[in-house]
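# Structural features, examined
Letter by letter, the chains look like this.
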Amino acid sequence: MSQPSLLPRLFAGPALRGGSEPYAAHVERLGRLPAIGSGTGLIRELDASGLLGRGGAGFPVGRKWRSVAERGIGPGAVVLVNGAEGEPLSHKDRALLLLRPHLVLDGAELAAEAVGADEIVLYVGERHEAAAQSLERAVAERAKAEHGRRHAGSRAGIRLLLAPDRYVAGEESAAVHFANDADARPIVTPPRPYERGVGGLPTLVQNVESLAYVALIARHGSSWYREPGRGETRGTTLVTVTGPDGRPLVHEIELGTTIAEIARLSETPVLQDETQAVLLGGYFGRWLGAGETWDTALDPAAMKASGLSIGAGVVSFLSARTCPVVATARIADYMARQSAAQCGPCVFGLRSIAEAMIRIARVEARRDDLSNLERWAAQVRNRGACRHPDGAVGLLSSALETFGSEVSRHQRDRGCSFVEARTMAPVPLRRVA
Amino acid sequence: MMATVQLQPAHGRPLARGEIRLEVDRIACDGFGMCAELLPEIVELDDWGYPIVHSLLPKKLLPMARRAVDVCPVLALRIRQGH
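An account of the accompanying structure is given in this report. (Residues numbered from 1 in each chain as written. Chains lettered and ligands numbered in written order. Predicted model: local features only at pLDDT ≥ 70, side-chain atom pairs only at ≥ 80, totals over all residues.)

### Let's talk about the overall build of chain A
If you tally the helices and strands in chain A, you get 17 helices and 9 strands. At 22 Å, chain A has a C-alpha radius of gyration in line with the 22 Å of a compact globule built from 433 residues. When the 433 residues of chain A are sorted by exposure, 57% land in the buried category. Long-range pairs, those at least 24 residues apart, make up 75% of the contacts in chain A between residues at least 6 apart in sequence. (Helix = DSSP H or I, 4+ residues; strand = E, 2+ residues; numbered from the N terminus. Rg over C-alpha atoms; globule rule 2.2 N^0.38 Å. Buried ≥ 20, exposed ≤ 12 C-beta atoms within 10 Å, placed from the backbone. Contact = placed C-beta atoms within 7 Å.)

Below, the structure written as structure tokens:
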């Protein structure tokens, strides 16, 4: 990147192939956690840093902490460390937990201290076994090393929960629901987790990457965090970049880095003329034509202004040889299966949408499939207890826009311009009766 | 992903004083459709029989909305008024 000396930050320290950084090395490198006194000082520092949540919604971290810290009088609060990472195209959370677990735990302890929490719940996707083991080991290392002179935040009890392997398990209310009732389906809000969450207590639900950055901001300050960054949003972020070969790589980048630069990051650079489209933001995101998006800067504030988001930091390249209609149908199918099956519009809407999209992909479309898709997308939007249906139809709408001519080729001419139908989603296309 | 829960849109915008809204608990709703029968002015059903509440509740429909709340077999409806 343009200022290579500023990076890496989360992944600074010992060689990454060495696996988890041990606690002793972590403390040697970064020092112990600074005492934060009253929590409000750190929260002001987080406000000043402009750090945005890295779970996908991009909510300002300082504001989120304040909403829990400034709760009404009453005992107790909980910090829920969210490493569920249910998005199939994201790998950065498990990479971070595997390689730098103590940054995440530092952030969790600081959060517990700042919001006055008595309990830290670590919530890690059950499929991310190495990440969960790394975190569990790290907790044990700290308990052993810190006996007798613990950081204030570490007085909070810690429990580790394995999040079920489903897309919505990482959604805030689903995570709280799982901690309370072992059921990782979203619940109707309000009350929101910051009002009433785990054990009925105000709960801060924060993504692992956000907490890891907090660990560094608490030590180096907000101006340090804001040094890199080329546009309005300052700082750095983790991204998962999936090339046309389907191999995901996690990188730490300066915010404002362009898609073109990201394409060059992997060992085998992704070339624009071999790329048809870019999926930004994962399965909740949008398809964009490669040409129009190649110079797009990954700057959350600038992207928001044009209706875009990197979600949890997902950039996925679609090969020019892959049929985008098939790729979209696979994602639609996946999202329908991943419905928590609670809300009618999501259960039936996403199923109908996926079936129509699969028929179009297979050039077996019925006459009204395309018009139905457009109507259903509008009907489903905003009508779930969570944002699962909205995310699914947002991606679908972007596909209809970006791949309009290929969609109508499938629908009207019963043909496909692509020989190779490469998979994007980890599910096989299903024959629809 | 989706770390921040947003309110259901039906619950989303704060109501101004005097505004009344019929809200649907999407998880409880089983698509019986009685709300659409009683309140066709503001409720239509989607292609699968689940209610779409497309506008605020006019005051004159309040008695009918109360009836809809009472007869919903799964008690998925509530009336919220702005203060």
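There's plenty left to go through after this.
### Focus on the overall build of chain B
Check the secondary structure of chain B and you find 3 helices and 4 strands. Element order for chain B, N to C, with α for helix and β for strand: α-β-α-β-β-α-β. Expressed as a percentage of the 83 residues in chain B, the buried residues total 31%. Counting contacts in chain B only where the partners sit at least 6 residues apart, residues at least 24 apart contribute 55% of the total.

### Re the sheet that holds strand β2 (residues 119-125) of chain A
Residue and element names in this part refer to chain A. Taken in spatial order, the 4 strands line up as β3-β2-β1-β4 in an open sheet, and their pairing is parallel. Edge positions in the open sheet fall to β3 (157-163) and β4 (203-207), since each of these has one partner strand only. Direction aside, neighbouring strands of the sheet carry axes that sit 20° apart on average. Pairing analysis gives 7 bridges linking β2 to β3, with the strands arranged parallel. (Pairing = 2+ DSSP bridges. Axes fitted to C-alpha atoms, helices over the stretch in contact; angles between N-to-C directions.)

### Section: the sheet that holds strand β8 (residues 286-289) of chain A
All names here are of chain A. Reading across from one edge, β6-β5-β9-β7-β8 is the order of the 5 strands in this open sheet, with mixed pairing throughout. The sheet terminates laterally at β6 (248-254) and β8, the two strands that pair on one side only. Put simply, the sheet's adjacent strands are angled 25° from each other on average, direction ignored. Here strand β7 (residues 275-280) pairs with strand β9 (residues 314-319) via 5 bridges, running antiparallel. Its bridge partner lying in β9, Thr275 is registered against Ser319. Where helix α4 (residues 92-99) meets the sheet, its contacts fall on β5 (236-242) and β6, and the angle it forms with β5 comes to roughly 115°.

### Describing unusual backbone geometry
Residues and elements named next belong to chain A. The residue Val363 is not glycine, and still its phi comes out positive at about 50°. What makes Val363 partly exposed here is the crowd of 14 C-beta atoms within 10 Å. Not every positive phi belongs to a glycine, and Asn382 is a case in point at roughly 70°. In this fold, Asn382 is placed in the loop between α15 (369-380) and α16 (388-402).

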